[in-house]
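Given next are the chains, with one letter for each unit.
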Amino acid sequence: VIDLGVAEDVLEAMAQLSGEEVTLVLHTAGGCVTSCVLIANALREFRVSRAVVPYMAMSGGTLIALNADLLEMGASAALSAVDPVIGGVRARHLQADKEASLRAMAGEYEDAIAGYLLETLRQRLPIADDATLDQALDLFMGEKAPHEWPIRKSDLAAIGLPVNPAKRSWGMMVDAYRKRWW
């Protein structure tokens, strides 16, 4: 889970890189939107940035992956929607009459994330016409699927997002890390 502590560690490591290129391996269920945007913004500062997703980069992990210049995914890897979840509930599902202050905050998050996502997609999609952008926004804001629903490489190809295959060694690295910590 990407919280502020994880973001600090990642940002520190990225700041210490001497070159103009960075590769970030993502294996995450997501996390705090602020933390994910900070990491995504840092990726934008490199001349060349690569996000490698051996298995999954869900929610905020997807937002980070989309901000890399190059995206590599494992054979069965998936991304997911990035729409905000507040207190375990999708922001769009909060009831306006019962949770007015939460709904107001949720609206702010939805607007901010949709705007950030649109900016990202304009930079990443080779053909960023209105129809393609609308289709991509629907996909990544989870308009037709649950928040955690897997977005596969074929879904990304349908909107024209370039994805390269990830080397199996990246998955092996994630496997070794998971076995060590779990």
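Below is a summary of the structure that appears in this document. (Residues numbered from 1 in each chain as written. Predicted model: local features only at pLDDT ≥ 70, side-chain atom pairs only at ≥ 80, totals over all residues. Heavy atoms only, no water.)

**Thoughts on the overall build of the protein chain**
- Counting its regular elements, the protein chain contains seven helices and eight strands.
- For 182 residues, the compact-globule estimate of 2.2 N^0.38 gives 16 Å, and the protein chain sits close to it at 16 Å.
- Referenced to the eigenvectors of the C-alpha coordinate spread, the extents of the protein chain come out at roughly 50 × 35 × 30 Å.
- Looking at the protein chain residue by residue over its 182 residues, the buried ones come to 42%.
- Counting contacts in the protein chain only where the partners sit at least 6 residues apart, residues at least 24 apart contribute 65% of the total.
- Put simply, the protein chain shows about 9,900 Å² of open surface, and 55% of that area lies on carbon and sulfur atoms. (Helix = DSSP H or I, 4+ residues; strand = E, 2+ residues; numbered from the N terminus. Rg over C-alpha atoms; globule rule 2.2 N^0.38 Å. Buried < 20%, exposed > 50% of the residue type's maximum accessible area, 1.4 Å probe, protein only. Contact = heavy atoms within 4.5 Å. Areas by Shrake-Rupley, 256 points an atom, 1.4 Å probe, with all protein chains shown as cover.)

**Overview of the state of the cysteines**
- According to the stated counting rule, one finds zero disulfides in the structure shown.
- In this model C32 remains outside any disulfide bridge; the closest cysteine sulfur is found in C36, 6.9 Å from its own.
- In this structure C32 comes out as partly exposed when scored by relative accessible area, which is 31%. (Disulfide = S-S within 2.5 Å.)

**Brief notes about the side chain of S59**
- Assignment of secondary structure puts S59 in the loop between β3 (56–57) and α3 (60–66).
- A residue is classified by how much of its surface remains accessible, and S59, at 14% relative accessible area, is buried.
- Within the structure, the side chain of S59 is placed 2.9 Å from the side chain of H147, a separation counted as a polar contact.
- Apart from residues no more than four positions distant in its own chain, S59 is found in contact with A29, G30, S80, A81, V82 and H147. (Polar contact = N/O pair within 3.5 Å; in protein donor to acceptor, adjacent residues only side chain to side chain.)

**A closer look at the packing of helix α1 (residues 4–15) against helix α2 (residues 33–44)**
- Two elements in contact, α1 and α2, have axes separated by 9 Å at closest approach and are oriented at 10°. On the basis of their axis angle, the class for α1 and α2 is roughly parallel. Crossing of α1 over α2 shows left-handed handedness. Residues L4, A7, V10, L11 and M14 of α1 touch α2, and the partners they reach there are S35, L38, I39, A42 and L43.
- Taken together, the residues of the contact of α1 with α2 break down into nine nonpolar, one polar and no charged. (Axes fitted to C-alpha atoms, helices over the stretch in contact; angles between N-to-C directions. Parallel < 35°, antiparallel > 145°, perpendicular 65-115°, else oblique. Left-handed = near helix turned anticlockwise from the far one by under 90°. Nonpolar A, V, L, I, M, F, W, Y, C, P; charged D, E, K, R; others polar.)

**Observations regarding the sheet that holds strand β2 (residues 48–53)**
- Spatially, β1-β2-β4-β8 is the arrangement adopted by the four strands of the open sheet, whose pairing is parallel. In this open sheet, the two strands that pair with only one neighbour each are β1 (21–25) and β8 (164–165).
- Across four bridges, the pairing between β2 and strand β4 (residues 70–73) is parallel. Paired with V53 across the strands is M73, a residue of β4. (Pairing = 2+ DSSP bridges.)

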